[in-house]
Amino acid sequence: MSNYLSVFSLFIKRSFGKISAVILAFISIEGVLFIHNLTTDNVIKNEYQEGTGNDYLLGIENILGDHRLLTIALASAFIIVTLILCLTGCEFSDKQGYTLRRLNITEKKTFICQSLYGTAVYGIFFMLQGLLFYIFCLIYVNYAKGNEYAFDGLISNQSVFLAFYRSKILHALIPMEDTFKYISNFVMICSMGVSTASFSYFMRRKKFPYETVLLVPVILINFASEWTEMSYELIIIGMSTFVIGSILTRISVEGQAYD
């Protein structure tokens, strides 16, 4: 057991501090972007062109969904976290692969440990993002209560609940009662954990880790999908399953001892 703990400790030591700094930095950036967007005239929709002469406050799902910088910040944080996880265990000047081989545990078991670690990191990342956007919704509700442009009945005890169904990015982070989406997200997170662990595993063997390159763009579309809900979830599950299967097959075939 101590050998496994040593492996986890090595991964935490080499990457968790960097990942934590990235997450905190982008949470701050997303917070600044949201507050800036909420306090500008962009949240007021003008209908003079439609002949009504009315102004009204946009709903939270419109503010978050239409504010592309928030989506870009979330995607950027995801990509940077992925790069850090991918590079953990790769061999550079400090010969991380050599250090791993000195821990008296097979590389396949090290790969399993790294997969679990990566899966946990992605789980934490997406839970924090979901919590952050939930806080954004609460801030919006408090802001809208005293706003003269808010429609009567716009704000209620169902406002946040409905926003997580109407907004693609909110629903992707917290699917509410969408069980199939939870399954899709779980499979997605597991596949990313496995693919980032395989990146360094294959790089140490001078093999190209194409699975990670294929999976990341599909995951990013998860937050801006225009496909129907069921079709996209099936694509996410199918691609994630394919990636995991491909990685395990390659490790089984190419997993000779690393010298």
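All of the points below concern the structure found in this document. This structure is a prediction, so every number in the text was calculated from the model and none was measured. (Residues numbered from 1 in each chain as written. Predicted model: local features only at pLDDT ≥ 70, side-chain atom pairs only at ≥ 80, totals over all residues. Heavy atoms only, no water.)

Attention now moves to the overall build of the protein. A tally of regular secondary structure across the protein gives 10 helices and two strands. Ordering the α and β elements of the protein from the N terminus gives α-β-β-α-α-α-α-α-α-α-α-α. Looking at the protein as a whole, 47% of its 259 residues are labelled buried. When contacts within the protein are restricted to residue pairs at least 6 apart in sequence, long-range pairs at least 24 apart make up 76% of them. If you sum the accessible surface of the protein, you get close to 13,500 Å²; carbon and sulfur atoms cover 63% of it. (Helix = DSSP H or I, 4+ residues; strand = E, 2+ residues; numbered from the N terminus. Buried < 20%, exposed > 50% of the residue type's maximum accessible area, 1.4 Å probe, protein only. Contact = heavy atoms within 4.5 Å. Areas by Shrake-Rupley, 256 points an atom, 1.4 Å probe, with all protein chains shown as cover.)

We now examine the packing of helix 5 (residues 107-145) against helix 8 (residues 179-203). Where helix 5 contacts helix 8, the two axes come as close as 7 Å, and the packing angle between them is 135°. Viewed along their axes, helix 5 and helix 8 adopt a mutual orientation that is oblique. Considering how the two elements wind past one another, helix 5 and helix 8 form a crossing that is right-handed. In this structure, helix 5 contributes E107, K108, F111, Q114, S115, G118, T119, Y122, G123 and F126 to the contact, and helix 8 contributes M188, I189, C190, M192, G193, V194, T196, A197, S198, S200 and Y201. (Axes fitted to C-alpha atoms, helices over the stretch in contact; angles between N-to-C directions. Parallel < 35°, antiparallel > 145°, perpendicular 65-115°, else oblique. Left-handed = near helix turned anticlockwise from the far one by under 90°.)

Among the nonpolar cores identified, the biggest contains 59 residues, and F34, L64, V81 and Y140 are the most heavily contacted of them. Here this core gets 14 residues from one element, more than from any other, and that element is helix 5. (Core = buried A, V, L, I, M, F, W, Y, C linked by side-chain atoms within 4.5 Å.)

Next up on the list: the pattern of salt bridges. Applying the stated criterion across every chain yields a total of two salt bridges. A salt bridge links R250 to E211; the nearest nitrogen and oxygen atoms lie 3.0 Å apart. Separated by 39 residues along the polypeptide, R250 in helix 10 (residues 229-254) and E211 in helix 9 (residues 210-221) bring together distant segments of the chain. Relative accessible area serves as the criterion here: at 12%, R250 is assigned to the buried category. (Salt bridge = Lys/Arg side-chain N within 4 Å of Asp/Glu carboxyl O.)

With that out of the way, let us pick up helix 3 (residues 68-87). Its 20 residues place the ends of helix 3 28 Å apart at the C-alpha level, agreeing with the 28 Å of an ideal helix rising 1.5 Å per residue. L70, A73, L74, A77, F78, V81, T82, I84, L85 and C86 are the residues of helix 3 that are buried. Directly beyond the C-terminal end of helix 3, a positive phi value near 100° is found at G89. (Expected span 1.5 Å × (residues − 1).)

Here the focus is the packing of aromatic side chains. Enumeration according to the criterion identifies nine aromatic pairs in this entry. When the ring of F125 is compared with that of F126, the centres are 5.0 Å apart and the planes differ by 75°; the resulting orientation is edge-to-face. Exposure class is identical for F125 and F126. Each is buried. Aromatic side chains Y201 and F202 sit 5.7 Å apart centroid to centroid with 85° between the ring planes, which places their arrangement in the edge-to-face category. Judged on exposure class, the residue Y201 and its partner F202 are both buried. When the ring centre of F202 is taken as origin, the NZ or CZ atom of R250, which lies over that ring, is 4.0 Å away. (Phe/Tyr/Trp six-rings, centres within 6.5 Å; stacked < 30°, edge-to-face > 60°. Lys NZ or Arg CZ within 6 Å of the ring centre and 35° of its normal.)

Relative to the elements of secondary structure, S200 occurs in helix 8. On the basis of relative accessibility, which here comes to 0%, the residue S200 falls in the buried class. A distance of 3.3 Å separates polar atoms of two side chains, one belonging to S200 and the other to Q114. (Polar contact = N/O pair within 3.5 Å; in protein donor to acceptor, adjacent residues only side chain to side chain.)

Turning to unusual backbone geometry, a few remarks are in order. Of note in the backbone geometry, M176 takes a positive phi value of approximately 60° without being a glycine. Along the chain, M176 turns up in the loop between helix 7 (168-173) and helix 8. Taking the relative accessible area as the measure of exposure, M176 reaches 23% and is therefore partly exposed.

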